[in-house]
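Listed below, chain by chain, are the residues.
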Amino acid sequence: MKENLFEKLQNELIGFMHMCSKEDLNLLICQPKEKTIDDFARFFCLGVVFDLRGVFLKIVCQYETLGNVQKLLDYIDALKFETIDKWVNEFLEKIPLEEIKDCAYELWEVKKNNIMKNGFEFSKLL
């Protein structure tokens, strides 16, 4: 069971890497000390938005090498919806494959509509 979960998380991360622009991919795989807290928060949010646990777990593990993960979680919790929406839309615009881009836009629209109807709380992205 653990191997299947590990494989699933690894496949999610690989899939996400295919969604990334060259710039995002380079940022994702660079050393944690080269990232800002905004970079960590952005990738974490993208992982949550697209239901990719492998991505946000990688980000948490990377941040953990730099400091207290609670600082990152508090930072993310304080984000305004407008910031997350901007990050997601910028990411979506740069997805290299049109089929993936279309699916990702659809998923984001569903989540975004739910947020608009019910008000924003980070937990509603889950």
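Please refer to the structure placed before this passage.
Quick caveat, the model's predicted, so the values are computed rather than measured.

Visitor: Run through the side chain of Glu12, naming residues and quoting values.
Guide: Tracing the backbone shows Glu12 in helix 1 (residues 2-19). One polar contact links Glu12 to Lys8, side chain to side chain, over a distance of 2.7 Å.

Visitor: Talk me through the side chain of Ser21; I want residue IDs and the actual numbers.
Guide: The topology assignment puts Ser21 in the loop between helix 1 and helix 2 (22-29). For Ser21, the side chain forms a polar contact with the side chain of Glu23, separated by 3.2 Å. Polar side-chain contacts of Ser21 include one of 3.2 Å to the backbone nitrogen of Asp24.

Visitor: Residues and numbers for the packing of aromatic side chains, please.
Guide: Given two aromatic rings, their pairing is described by the distance between the two centres and the angle made by the two planes. The final tally for this structure, using the stated rule, is six aromatic pairs. Between Phe44 and Phe56, the aromatic rings sit 5.4 Å apart at their centres with planes inclined by 50°, giving tilted as the arrangement. Note that Phe44 is positioned in helix 3 (residues 37-49) and Phe56 in helix 4 (residues 53-64), a separation of 12 residues in sequence. Judged on exposure class, the residue Phe44 and its partner Phe56 are both buried. With a centroid separation of 6.1 Å and an interplanar angle of 40°, the aromatic rings of Phe50 and Phe91 are classed as tilted. Here Phe50 is found in the loop between helix 3 and helix 4, whereas its partner Phe91 is found in helix 6 (residues 81-93), with 41 residues between them in sequence.

Visitor: Requested: an account of the nonpolar core, with residues and values cited.
Guide: Ranked by internal contacts, the top residues of the largest apolar core, which has 32 residues, are Phe16, Met19, Phe50, Val88 and Phe91. The set of elements that each furnish at least two residues to this core consists of helix 1, helix 3, helix 4, helix 5 (69-77), helix 6 and helix 7 (98-118). The element best represented in this core is helix 3, accounting for eight residues. If sequence neighbours within four positions are ignored, Phe91 has contacts with Phe16, Met19, Cys20, Asp24, Arg42, Leu46 and Phe50.

Visitor: Talk me through the pattern of salt bridges; I want residue IDs and the actual numbers.
Guide: Side-chain pairing between opposite charges can occur once the charged atoms of the two side chains come close. Counting across every chain of the model gives six salt bridges. Glu12 is the partner of Lys8 in a salt bridge, and the nearest nitrogen-oxygen pair spans 2.7 Å. With a gap of four residues between them, Lys8 and Glu12 both fall in helix 1, about one helical turn apart. A residue is classified by how much of its surface remains accessible, and Lys8, at 40% relative accessible area, is partly exposed. Across the pair Asp85 and Lys112 runs a salt bridge whose closest N-O atoms are separated by 3.3 Å. Of the two residues, Asp85 sits in helix 6 while Lys112 sits in helix 7, which places them 27 residues apart along the sequence. The exposure class assigned to Asp85 is buried, which follows from its relative accessible area of 16%. Under the relative-accessibility criterion, Lys112 is labelled buried at 17%.

Definitions and cut-offs
- Residues numbered from 1 in each chain as written.
- Predicted model: local features only at pLDDT ≥ 70, side-chain atom pairs only at ≥ 80, totals over all residues.
- Heavy atoms only, no water.
- Helix = DSSP H or I, 4+ residues; strand = E, 2+ residues; numbered from the N terminus.
- Polar contact = N/O pair within 3.5 Å; in protein donor to acceptor, adjacent residues only side chain to side chain.
- Phe/Tyr/Trp six-rings, centres within 6.5 Å; stacked < 30°, edge-to-face > 60°.
- Buried < 20%, exposed > 50% of the residue type's maximum accessible area, 1.4 Å probe, protein only.
- Core = buried A, V, L, I, M, F, W, Y, C linked by side-chain atoms within 4.5 Å.
- Contact = heavy atoms within 4.5 Å.
- Salt bridge = Lys/Arg side-chain N within 4 Å of Asp/Glu carboxyl O.

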